[in-house]
Amino acid sequence: MLDETTTAPLGEEEVRTLVRDEVRRALERDPGTRKAAFIASKGTLDWAYPPLILSTTAAASGMEVAVFFTFYGLNIIHRDFERKLKVDPVGNPAMPMPVRVPDVLTAMPGMVPAATAMMKRRFASHNVATIGELLDAARESGVRLIACQMTMDVFGYTEDDFVAGVEFGGAAMFLSEARRGHVTLFV
Amino acid sequence: MLDETTTAPLGEEEVRTLVRDEVRRALERDPGTRKAAFIASKGTLDWAYPPLILSTTAAASGMEVAVFFTFYGLNIIHRDFERKLKVDPVGNPAMPMPVRVPDVLTAMPGMVPAATAMMKRRFASHNVATIGELLDAARESGVRLIACQMTMDVFGYTEDDFVAGVEFGGAAMFLSEARRGHVTLFV
Amino acid sequence: MLDETTTAPLGEEEVRTLVRDEVRRALERDPGTRKAAFIASKGTLDWAYPPLILSTTAAASGMEVAVFFTFYGLNIIHRDFERKLKVDPVGNPAMPMPVRVPDVLTAMPGMVPAATAMMKRRFASHNVATIGELLDAARESGVRLIACQMTMDVFGYTEDDFVAGVEFGGAAMFLSEARRGHVTLFV
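Values in this document were obtained by computation on a predicted structure and should not be read as measured data.

Enquirer: Residues and numbers for the relation of the copies chain B and chain C, please.
Expert: Placing chain B over chain C gives an RMSD of 0.0 Å and needs a rotation angle of 120°, together with 0.0 Å of translation along the axis. This pairing of chains is accounted for by a three-fold axis.

Below, the structure written as C-alpha cells:
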C-alpha cells in the first residue's frame, strides 16, 4: 500500500506499482470468468444431460448462463421432451448394454425403447435429477433457454411447441452471449 | 472525470479512480471478446452447418474467426463436399423422418441418400444457404479455414484435395488462435 | 517511456498514458490465455484422440490443462481402454471404409472389430501416438485427468477401475477450471 494521503503527488514508479496491483485485481474478477454459454445440439436422452447439468451447476456457482438449443437439441425443450428424448445404442459401441449385442441386433425394433428405459432406471437409481427436474432448476436459477429460430423453421416447430420460459433467437444472439464469457461449449 | 490540466499532480486516490476507469474500459474491449476458434470434426451434412453458420455469423459481427477441420470434418472442405456430405438416420433417433422407422429399416440400402435429399430439400425450402454458399461466405468474410495435417495424412488426403483458400496446420496452430479468444467450440 | 525520476509527480494525461500501456501488457499476458479445460464425453477410439492430442499439445506450449472424462468418455481412462475403445462405422457415413458398404452390412457382426483394427493400423502407419502413449504424455506433462464421479456411479465404476493418476470430481470442479481459461471444448 502506498501513501494514504490522497493529495500527495505520485511519481511514475509509484503509479506503475499501483496500476499493476489494480490490473491484477481486475483480471481476477474478469467478467469473462462469470459467464458461460452452451449449445445443445443433440436430441437424445444421454446428450440432454450435459448441457442441463453444466448450466445449472454454473448458475449455482453464481455464473450468468445461456443455453442455445439448435438442430436435434430442440427436442430437449420441446413440450413433449419426455417422449422425444430416446437413447439409441446403434452406432455407439461405448453404450453399456446389459448384454453386448452386435449392431445388427441393436438395430432391431424394440432396442431403442429398451435402451431408453435402462438409462432412465440407471440415472434414477443413482438419484440423478430427471430432464424435467433439470429444466425446472435451470429456469429457477435464471439460466436463459434460447431456441434457435432457423432450425425451428426447418424442423417445422412453432413457439407453442416449447416449454414455458424459452426465448427465441439466432446464432448472433448466442455469439453475443458467448463472446463475453470464458466457458463456451458445443454439446 | 478528474482535473483536465495535464500538469496537475495526482494523489493516490485520484490515480486509483482513474486506473479502475481505464481497466473497466479495457476489459469491455478485451481482445478475447473479438476472437472465435471452432473445430469441425464431423463429416455429415447436418454437422457441416453449425461450424459454417457460427463462423460466418461471428465474422459478420466483426470477430476474427478460424475454423480447424479435422477427422471426418475434412469432408466439409473437400473439393467433393457435395457428394461426401450425407446424413445417416441410423443411430440418431432424434433425426426427424417422414415416417418413424426402426433402425433395422433405416439401415437398409437407400436410406442414406433419402435422408440426405430430405435434409437438403428442407433447408433449401427455408432459404438456408447451402454448404457451398456458406463456404464462399466464410472465405469472403476472412474466416480462416485450416485443414488438420495429421488427419489429412491418416485419411490419405493431399493439399490438392481441398477447396481453394484452405490453410494447413496442426493442433498447435488451432490452439494459438483459440487461446486468444473467448468463443471456442468443438463441433 | 515517461520520466524516469520516481519522485516527479505525474499529471492526469501522463497517468492515463501509463495506465493504458500497463493494461495492454496485462491483457497480452491475460491468465485466461494460458489455461485450457476439455470435456471428453465419447467412448469410441476415434473420439478418444481429440481430447488427448489437444491437451498434450496445449501442455507442451506451456498451458495449464485439465480434462474431465464423463459419460462414455470414462472409457478413455479405464484400465481396460485398449479393449473398450472401438470404432463403429454404423451411423457415420463419413467414416472411410475400405469399400463403401450400406449400413445394413456395417451393422453385421464383425464390422466393429474390423473398423477398429483398420483405424489402429492407419494411425500407427502415420506415426500417430497410441492412446496409451498419449495418456502417458498427458500425465508426464502435468495434464490433470478428472473422472466424473456422477457418471462413474451411474455406470457402476469404482476408483480402482481407472488408470493411475486420475482425480475424481464433479461438474463444479470442471467449471472452476474452465471459467479461468479461454480454451474450453466439449468433445
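Enquirer: Which residues make up the sheet that holds strand β3 (residues 144-148) of chain C, and what are the values?
Expert: Strands in a sheet are paired, the pairing made by backbone hydrogen bonds, and the direction either parallel or antiparallel. Residues and elements named next belong to chain C. What the 5 strands build is an open sheet, ordered β4-β3-β2-β1-β5; its pairing is parallel. This sheet does not close on itself; its edge strands, each paired only once, are β4 (167-169) and β5 (183-186). Sheet twist, expressed as the mean angle between neighbouring strand axes with direction ignored, is 20°. Bridge count for strand β1 (residues 35-40) against β5 is 4 bridges, and the pairing is parallel. Within β5, the position partnered with Ile39 by the bridge is Phe186. Sheet contacts for helix α8 (residues 171-178): β1, β2 (64-69), β3, β4 and β5; angle to β1, the most-contacted strand, approximately 150°.

Enquirer: Describe the pairing of strand β1 (residues 35-40) of chain A, and please don't skip the residues or the numbers.
Expert: All names here are of chain A. Buried residues dominate β1, accounting for 6 of its 6 residues. Here β1 shows two buried faces, one formed by Lys35, Ala37 and Ile39 and the other by Ala36, Phe38 and Ala40. Summarising the sheet, β1 and strand β2 (residues 64-69) pair through 6 bridges and their orientation is parallel. Paired with Lys35 across the two strands is Glu64, which belongs to β2. Handedness of the crossover joining β1 and β2 through helix α2 (residues 45-60) is recorded here as right-handed.

Enquirer: Give a detailed account of helix α1 (residues 12-28) of chain C, specifying residues and quantitative values.
Expert: Here α1(C) spans 24 Å end to end across 17 residues, near enough to the 24 Å set by a 1.5 Å rise per residue. Of all the residues in α1(C), the buried ones are C:Glu12, C:Val15, C:Arg16, C:Leu18, C:Val19, C:Asp21, C:Glu22, C:Val23, C:Ala26 and C:Leu27. Close packing links the buried residues of α1(C) with α1 (12-28) of chain A together with α1 (12-28) of chain B.

Enquirer: Requested: an account of the interface of chain A and chain C, with residues and values cited.
Expert: With 48 residues of chain A at the interface, the matching set in chain C holds 52 residues. Note on chain A versus chain C: buried area summed over both sides is about 4100 Å², and carbon and sulfur give 70% of it. Where chain A meets chain C, there are 3 salt bridges. Here C:Glu22 ties to A:Arg16 by a salt bridge, and the two come within 2.6 Å at their closest N and O atoms. No other element matches the 9 residues that α1(A) contributes to the side of chain A that touches chain C. Tallied by class, residues from the side of chain A that touches chain C come to 27 nonpolar, 10 polar and 11 charged.

Enquirer: So, the pairing of β2(C): which residues are in play, and what are the values?
Expert: All names here are of chain C. For β2, the buried fraction is high: 5 of the 6 residues fall into the buried class. In this structure, β2 lies alongside β3, joined through 4 bridges in parallel fashion. Looking at the pairing, Phe69 lines up with Ala147 of β3.

Enquirer: Account for the pattern of salt bridges, naming residues and giving values.
Expert: Residues and elements named next belong to chain A. According to the stated counting rule, one finds 42 salt bridges over all chains in the structure shown. For Lys120, the salt bridge identified is with Glu82, shortest N-O distance 3.9 Å. Of this pair, Lys120 sits in helix α5 (residues 111-125) while Glu82 sits in helix α3 (residues 81-84), and the two are 38 residues apart along the sequence. Overall, the relative accessible area of 53% leaves Glu82 in the exposed class.

Enquirer: Run through unusual backbone geometry, naming residues and quoting values.
Expert: All names here are of chain B. In this structure, Phe71 takes a positive phi of about 50° despite not being glycine. Counting through the fold element by element, Phe71 comes out in the loop between β2 (64-69) and α3 (81-84). Under the relative-accessibility criterion, Phe71 is labelled buried at 3%. Its identity as a non-glycine residue notwithstanding, Asn127 has a phi of 60°, on the positive side. Mapping Asn127 onto the fold places it in the loop between α5 (111-125) and α6 (131-140).

Enquirer: I'd like a description of the environment of B:Cys148, backed by residues and values.
Expert: Residue and element names in this part refer to chain B. The residue Cys148 is located in strand β3 (residues 144-148) in this model. Taking the C-alpha atoms as reference points, Cys148 and Met173, 25 residues apart in sequence, are found 9.3 Å from one another. Excluding anything up to four places from it in sequence, Cys148 contacts Phe68, Phe69, Thr70, Leu74 and Gly169.

Enquirer: Which residues make up the interface of chain B and chain C, and what values go with them?
Expert: Every contact between the two is made by 51 residues of chain B and, on the other side, 48 residues of chain C. Summed over both sides, the interface between chain B and chain C buries roughly 4100 Å², with carbon and sulfur atoms accounting for 70% of that surface. When the buried surface of chain B facing chain C is broken down by residue, B:Tyr72, B:Arg179 and B:Phe186 rank first, second and third, together holding 19% of it. Inspection of the chain B/chain C interface yields 3 salt bridges. At the surface where chain B touches chain C, the tally comes to 9 residue pairs in polar contact (both at pLDDT 80 or more).

Enquirer: So what about the sheet that holds β3(B)? Which residues, and what values?
Expert: Residue and element names in this part refer to chain B. Read across the sheet, 5 strands follow the order β4-β3-β2-β1-β5 without closing on themselves; strand pairing throughout is parallel. Strands at the two margins of the open sheet, each flanked by one partner only, are β4 (167-169) and β5 (183-186). Taking each pair of neighbouring strands and ignoring which way they run, the sheet shows an average axis angle of 20°. Packed onto the sheet, helix α8 (residues 171-178) meets β1 (35-40), β2, β3, β4 and β5 and runs at close to 150° relative to β1.

Reading guide: rules and limits
- Residues numbered from 1 in each chain as written.
- Chains lettered and ligands numbered in written order.
- Predicted model: local features only at pLDDT ≥ 70, side-chain atom pairs only at ≥ 80, totals over all residues.
- Heavy atoms only, no water.
- Least-squares fit on C-alpha atoms with pLDDT ≥ 70 in both.
- Pairing = 2+ DSSP bridges.
- Helix = DSSP H or I, 4+ residues; strand = E, 2+ residues; numbered from the N terminus.
- Axes fitted to C-alpha atoms, helices over the stretch in contact; angles between N-to-C directions.
- Contact = heavy atoms within 4.5 Å.
- Buried < 20%, exposed > 50% of the residue type's maximum accessible area, 1.4 Å probe, protein only.
- Right-handed = clockwise from strand over helix to strand, strands pointing away.
- Expected span 1.5 Å × (residues − 1).
- Buried area = accessible area lost by both parts, 1.4 Å probe.
- Salt bridge = Lys/Arg side-chain N within 4 Å of Asp/Glu carboxyl O.
- Nonpolar A, V, L, I, M, F, W, Y, C, P; charged D, E, K, R; others polar.
- Polar contact = N/O pair within 3.5 Å; in protein donor to acceptor, adjacent residues only side chain to side chain.

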